[in-house]
Amino acid sequence: MDPGSSSKIPEETKVRPRPGPWPPRIEPFVHNNDHNPRDLKSWAKRTGFNPNFSGETVVSTVGEVEMERPADEVDLEEGIERRRARSPPKVEIEPMLGRRRNIGVENKGIEIGSGTRGLRADEKDKRRVGVETGVGIKEERKPEEVNANVNANGNRNRNRNANVGVAAIAPVASGDEESKKDAQKFDGEVEIDMFSESPELENPPLNRSPKLKSRLTDKPGYASLIPYGVQHYLSLAGSLVFIPLIMVPAMGGTDEETANVISTMLLVSGVTTIMHSFLGTRLPLVQGSSFVYLAPALVVINSEEFRNLSENKFRHIMRELQGAIIIGSVFQTILGYSGLMALFLRLINPVVVAPTVAAVGLAFFSYGFPQAGTCAEISVPLIILVLIFTLYLRRISIFGHHIFLVYAVPLSVAIVWAYAFFLTTGGAYNYKGCNSNIPNSNILLDSCKRHVDTMRHCRTDASNAWRTAAWVRVPYPFQWGAPSFHFKTSILMIIASIVASVDSVGTYHASSLLVNLRPPTPGVVSRGIGLEGISSILAGLWGTGIGSTTLTENMHTLEVTKMGSRKALVAGAAFLIFISFIGKVGALLASIPLALAAAVLCFTWGLIVALGLSTMQYTQTASSRNIIIVGFTMFISLSIPAFFQQYQPNTSLILPSYFIPYAAASDGPIHIGNAGLNYALNGLLSLNMVVALLVAFVLDNTVPGTKQERGVYIWSNPKSPDLDPASLEPYLLPKQISCFFRWAKCVGL
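Residues numbered from 1 in each chain as written. Predicted model: local features only at pLDDT ≥ 70, side-chain atom pairs only at ≥ 80, totals over all residues. Heavy atoms only, no water.

- By the naming in an unreviewed UniProt entry, the chain goes by Xanthine/uracil/vitamin C permease protein and is assigned to Dioscorea alata.

## Comments concerning the overall build of the chain
- Secondary structure summary: the chain contains 32 helices and 8 strands in total.
- For the chain, the proportion of contacts with a sequence separation of at least 24, taken over those separated by at least 6, is 80%.
- By element, 58% of the accessible surface of the chain is carried by carbon and sulfur atoms, the whole surface being about 33,500 Å². (Helix = DSSP H or I, 4+ residues; strand = E, 2+ residues; numbered from the N terminus. Contact = heavy atoms within 4.5 Å. Areas by Shrake-Rupley, 256 points an atom, 1.4 Å probe, with all protein chains shown as cover.)

## A short note on helix H9 (residues 255–279)
- Its 25 residues place the ends of H9 36 Å apart at the C-alpha level, agreeing with the 36 Å of an ideal helix rising 1.5 Å per residue.
- With 20 of 25 residues buried, H9 lies mostly within the body of the structure. (Expected span 1.5 Å × (residues − 1). Buried < 20%, exposed > 50% of the residue type's maximum accessible area, 1.4 Å probe, protein only.)

## Here's the deal with the state of the cysteines
- Considering all chains together, one arrives at 1 disulfide under this definition.
- Paired by a disulfide, Cys375 and Cys458 hold their sulfur atoms 1.9 Å apart. In this structure the cystine formed by Cys375 and Cys458 twists about its S-S bond by roughly 135°; its chirality is therefore right-handed. Taken together, the residues span a long stretch of sequence, with Cys375 in the loop between helix H15 (368–372) and helix H16 (376–392) and Cys458 in helix H19 (residues 452–458) at a distance of 83 residues. One exposure class covers both Cys375 and Cys458, and it is buried. (Disulfide = S-S within 2.5 Å.)

## What to know about the pattern of salt bridges
- One pass over the structure, following the stated rule, counts 6 salt bridges.
- Close ionic contact of Arg307 with Asp667 constitutes a salt bridge, the shortest N to O distance being 2.8 Å. Here the residue Arg307 occupies a position in helix H11 (residues 304–307), and Asp667 occupies one in helix H28 (residues 664–667), the gap between them amounting to 360 residues. The pair Arg307 / Asp667 is uniform in exposure class, with both members buried.
- Across the salt bridge formed by Arg459 and Asp461, the nearest N and O atoms sit 2.9 Å from each other.
- According to the relative accessible area criterion, Arg459 is buried, its value standing at 4%.
- For Asp461, a relative accessible area of 28% translates into the label partly exposed.
- Residues joined in a network through salt bridges with shared partners are Arg625, Asp700 and Arg710. (Salt bridge = Lys/Arg side-chain N within 4 Å of Asp/Glu carboxyl O.)

## A short note on the nonpolar core
- Met247, Phe291, Leu294, Leu321, Phe364 and Trp605 are the most contacted members of the largest nonpolar core, which totals 124 residues.
- Contacts of Leu294, omitting those with residues within four sequence positions, involve Ile243, Ile246, Met247, Phe364, Ile546 and Trp605.
- Ranked by size, the runner-up nonpolar core spans 8 residues in total, among them Val351, Val609, Ile629 and Val630. (Core = buried A, V, L, I, M, F, W, Y, C linked by side-chain atoms within 4.5 Å.)

## Observations concerning the confidence of the model for the chain
- With 67% of its residues at a pLDDT of 70 or more, the chain shows a mean pLDDT of 76.
- Here strand E6 (residues 190–192) stands out as the element of the chain with the lowest mean pLDDT, 37, in contrast to helix H30 (residues 688–702), whose mean of 96 is the highest.
- Contacts from residues 1–14, a stretch scored under 50 in pLDDT, to residues over four places away or in other chains number 11 contacts.
- The low-confidence segment residues 52–210, where pLDDT is below 50, has 284 contacts with residues more than four positions distant or belonging to other chains. (pLDDT = per-residue confidence, 0-100.)

## As for the packing of helix H14 (residues 350–362) against helix H26 (residues 594–614)
- Look at H14 against H26: their axes get within 7 Å of each other, and the N-to-C directions meet at 175°. Here H14 lies roughly antiparallel to H26, going by the angle between them. Contacts between H14 and H26 pair Ala354, Val357, Ala358, Val360, Gly361 and Leu362 from the former with Trp605, Ile608, Val609, Gly612 and Leu613 from the latter.
- Looking at side-chain class alone, the contact of H14 with H26 contains 9 nonpolar, 2 polar and no charged residues. (Axes fitted to C-alpha atoms, helices over the stretch in contact; angles between N-to-C directions. Parallel < 35°, antiparallel > 145°, perpendicular 65-115°, else oblique. Nonpolar A, V, L, I, M, F, W, Y, C, P; charged D, E, K, R; others polar.)

## Concerning the packing of aromatic side chains
- Taken as a whole and assessed by the stated rule, the structure comprises 14 aromatic pairs.
- Plain terms: the ring middles of Tyr367 and Tyr658 are 5.3 Å apart, the flat faces sit at 90° to each other, and that makes the pair edge-to-face. Of the two residues, Tyr367 is situated in the loop between H14 and H15 and Tyr658 in the loop between helix H27 (624–645) and H28; the sequence distance between them amounts to 291 residues. Like Tyr367, the residue Tyr658 is buried in the burial classification.
- Put simply, the rings of Phe291, Phe364, Tyr367, Trp605, Tyr658 and Phe659 touch in pairs and so form one group of aromatic residues. (Phe/Tyr/Trp six-rings, centres within 6.5 Å; stacked < 30°, edge-to-face > 60°.)

Take a look at the structure:
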């Protein structure tokens, strides 16, 4: 140590005797391959080395490397965000030579010097984060919290991440002069350039959930499996069962057919969720009917060729949808299992995902409240009740469970449905001379025409599904007949499958952080997309009328329920399959008043918009580049479809006003000679999510921007030598299954 620096040493440190002779006579340290920092620290202590002088230490986190520093030397201005590196630099000591060795770190990254303390950054980086020379890091901790974690030797007991192998730094006692010089150099501090432009430091911050009730691979007790699993599906009720309440009546289907489609959706959702838990990404994600496919389905439903059908209209449209979904799903399956999705991932970033997913929710603004407003006396209270539960009562816990937050939708529906039942039985919707049992027949009477919508949307007995549905019914493939295949509708579903894949990429990434896992590798993502394609094929064969994919709302469910166990999710999916065979369950759900369903969907679609935009947290949201791209994309994704949707059909009396925007495929402005191509182009450009994807994709990949600014998803590299294989183990396929997928290019991590 430099004698000139002795004045800086506290008084109590000067008189402290050195433990034992110097250099100490101990055996050289032989490290293991895992570079256990505790072993090396223990060996360093036996040499008599103590890196701290004041006895009070503060842990500074740089990347994911924790280093002990004197508290009076380390300071940082408030508001500085700590960066976490995916592959922290490792510093290793060779005991036999008494020399240090840097592994994969440039000289400017980690440097051991004499007489220099603290974190060193170049002047540019200092100006960027406000770090001044000689200014330390301010730990926002109370003194008692710091002292509680300091042991008798003045060293902090630190919890280290099991997935990060970081070797501690210590001098080595050796008989040669070089080792003595190194020992003196360790009286200084390790200098780290924490703002290096290396790719590892450009990862977005990992907002991990520290309070999971159950981790991904945990196995809750049998008494908890069903309740924990069912809560996933109850919180997703708006997505799982309300889509048929929109589609089937628009297709000319009866109440019994609505109940049958709901039961079919429950069956397909349960089966595909179990498949995803074993063969897909293996994340705790629910597969189900997706709103991504709803807008293209409405375009097909409102096509000119189906408008004037009177006989078997529902079956004709359902067969057309089945064929289109199967073709689009085959394309998605090839995209995933061929490995093309891994290449496509390089061009998909949060700036692309955010406006695309948000546009999925915004696409239905013309349907949401216009339908809910037909019976405002029950829809408005439902919307208010959902908001009260999810916002004002979200912190209330009953027996350790946030009931109002987790079960906001089913609780609100049950309460308002009971209220609507009392209104119905009390005669609130009985009109003189109008038949309350068959509301639709009142359209024949001039005096009752103005009451038809109110009776159909408000009365709880307007549906006869409960009376006509069987107690036991097993959904089966081709229950509506053989699928029909046409080019123009298949193109719509192929593009919809691409949008669904982009949606799922963001969901995979966000959900992995919520359950404390590394982001999935390109192989895992491709495998998940391929399985989603197979799931949609099953949906097309069984006839749900809509494709199946990962539900975006699942991110909110995971964050709220804190239940990350896939075993619980599988148990809930098995329960879903069981109730799908009970025909009366589907009939009960089909009896929900349409105004209530529309009110719930107003909340659900708004949640999708919020979840989509929340993906921007992985970017520099204050960047003018990102602000312009996202803002312009959101506006143009509403404006261009509005241009195409203004070309209304010749007679608007055929379609309800809220379905007229989806008739652009047949009546749009594009006419290039081929009727099928005209239909496809007009239909695609009338869909908000498609326009958003195209605009955001082009702008984000052509406008210059740094990786940090763009929020590039840096997926884990399975071939990286410093990657802990244990961190990818939850994504691995079961050994008895993986052998059957060797043909696929995506199964390898």
